[in-house]
Amino acid sequence: MNGLKMYNDVFFIAEAGSNWKISDNEHENFIETKNLIESAKEAGANACKFQVFRSETTYAYNAGNYGDHGDINKLFNALSLPYHWISELKDYCDKCNIEFMASVFSVEDAKEVDPYVTKHKVSSYEINHVELLDYLNTTDKEVIISTGGANWQQILFALGHVELPVLMHCTSAYPAPINDVDMMALKVMYDKFGSVGYSDHTEFNTVIPAMAVALGVHTYEKHFTLNKNANGPDHKFALDPQELMATINIIRSAETAMGFGIKSVKESEMPLHKFAHRYVQAIDDIRKGETLILNDNIACLRPGNNQSGAEARFTYYMNFKTAKRDIAKGQGVRLDDIE
């Protein structure tokens, strides 16, 4: 890898997605959006993100059933976040001191969201949505693009339409099986583009977040819900609030463990370093003018609580030198103690 980033700044996006939909009552659902925002903030996320889409601008007419989710047009209609909520969600995020974000699926969605965000999110299967990409490029805001299910040709296409996007490695399966996660793709993307994020669709685990930090991610996205048993496509694989907090804590711990790449004696190492690091120590009483002889009157030893001598790397240099002062047995022999 061509260098790791050396500071703690992973931007964590708590993906509420469409998990606000818990009933057919709009008021109850809106209250759930606020609860999700509060939960994201409490867990330590930097942003809480929703999804803004409309069936008619996402899927073709009569697109049919997908898996266990039934008619996809009906599902998207049911999960369409009302446009008039957007400004209120932004205000509530501001109140909670967490950034408001939204994934947008069409130019119309993006225009509704644009006044309320500092960055736009493009979901994986919008990576070739040329109209959307071109519009987002005109907003002069950061554009985050997930790359699940995409090949290099499609990624390069997106790069041709959006100036300096944030690319997110992703596996677009819900949940994503561990054997398809391919974390080494993060390394390849990091080496190729110099920066990378990760949109994580795995179920809760402690390994993936730490690996992502070690591989250089600067943005991390994870779905969460307040109730894994609620009806809807994304609840079951999403994190609950406790898992969300645990995941963020793993990332912060991994960031701290990464450090700054400076090999030095750490403050926590100092007591044992002084006690147990090897130095040149007297193994017999040495008189001023006496010749120092390795393993006769000096040796390379750990000083313990005695005064330490020269670092052990000077052992051979000090051999056969003359002492300039009296040195008691056990005490250190320093470089300025020799002629």
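Remember, it's a predicted structure, so these values are computed and weren't measured experimentally. (Residues numbered from 1 in each chain as written. Predicted model: local features only at pLDDT ≥ 70, side-chain atom pairs only at ≥ 80, totals over all residues. Heavy atoms only, no water.)

A. Expanded view of unusual backbone geometry. With an omega of 5°, the peptide bond running from Tyr174 to Pro175 counts as cis. Within the element layout of this structure, Pro175 appears in the loop between β6 (166-170) and α7 (184-193). One non-glycine residue, Asp140, adopts positive backbone phi at about 60°. Of note, Asp140 is situated in the loop between α5 (130-138) and β5 (142-146). Positive phi is not limited to glycine here, since Phe320 has a value of about 75°. Position of Phe320 relative to the elements: it lies in the segment after α11 (315-318). With relative accessibility at 59%, the residue Phe320 sits in the exposed group. (Helix = DSSP H or I, 4+ residues; strand = E, 2+ residues; numbered from the N terminus. Buried < 20%, exposed > 50% of the residue type's maximum accessible area, 1.4 Å probe, protein only.)

B. Region of the structure containing the confidence of the model for the protein. In the predicted model, the protein carries a mean pLDDT of 95, and the fraction of residues at 70 or more is 98%. Taken as a whole, residues 1-7 scores under 50 in pLDDT and shows 22 contacts with residues more than four places along the chain or in a different chain. (pLDDT = per-residue confidence, 0-100. Contact = heavy atoms within 4.5 Å.)

C. View of the nonpolar core. Of all hydrophobic cores here, the largest spans 59 residues; its most connected members are Ile37, Phe50, Ile145, Tyr198, Tyr220 and Phe224. Discounting residues that sit within four places of it in the chain, Ile145 has contacts with Val122, Ile127, Leu133, Ala158, Val162, Pro165, Val166, Leu167 and Met168. (Core = buried A, V, L, I, M, F, W, Y, C linked by side-chain atoms within 4.5 Å.)

D. Region of interest: the environment of Lys74. Its place among the elements puts Lys74 in helix α2 (residues 72-78). Here Lys74 falls in the exposed class, since its relative accessible area comes to 62%. Linking Lys74 and Arg278, residues 204 residues apart in sequence, is a C-alpha distance of 73 Å.

E. Representation of α7. Along α7, the residues that are buried comprise Ala185, Leu186, Met189 and Tyr190. All buried residues of α7 project into a common sector of 140° when viewed along the axis, lining one side. Residues of α7 that are buried sit in contact with α6 (152-159), β6, β7 (197-200) and α8 (207-214). Gly194 sits one or two residues past α7 and shows a positive phi near 85°. (Arc of directions from axis to C-beta.)

F. Main features of the side chain of Ser172. Mapped onto the elements of the fold, Ser172 is located in the loop between β6 and α7. Of the polar contacts made by the side chain of Ser172, one reaches the side chain of Ser124; its length is 3.3 Å. Not counting the four nearest positions on each side in its chain, Ser172 is found in contact with Ser124, Tyr125, Gly148, Gly149 and His201. (Polar contact = N/O pair within 3.5 Å; in protein donor to acceptor, adjacent residues only side chain to side chain.)

G. Examining the pattern of salt bridges more closely. Scanning all chains against the criterion turns up 14 salt bridges. The closest approach of N and O atoms between Glu221 and Lys121, which form a salt bridge, is 2.8 Å. With Glu221 in strand β8 (residues 219-223) and Lys121 in strand β4 (residues 119-122), this pair connects stretches of sequence that are 100 residues apart. Lys121 shares its class with Glu221; the two are buried. Put simply, Asp337 and Arg325 hold a salt bridge, and the shortest N to O gap is 2.6 Å. Pair noted here: Asp337 is in the segment after α11 and Arg325 is in the segment after α11, with a separation of 12 residues, a long-range link. The partly exposed category is assigned to Arg325, whose relative accessible area is 28%. One network of salt bridges, in which partners are shared, links Glu15, Lys49, Lys121 and Glu221. (Salt bridge = Lys/Arg side-chain N within 4 Å of Asp/Glu carboxyl O.)

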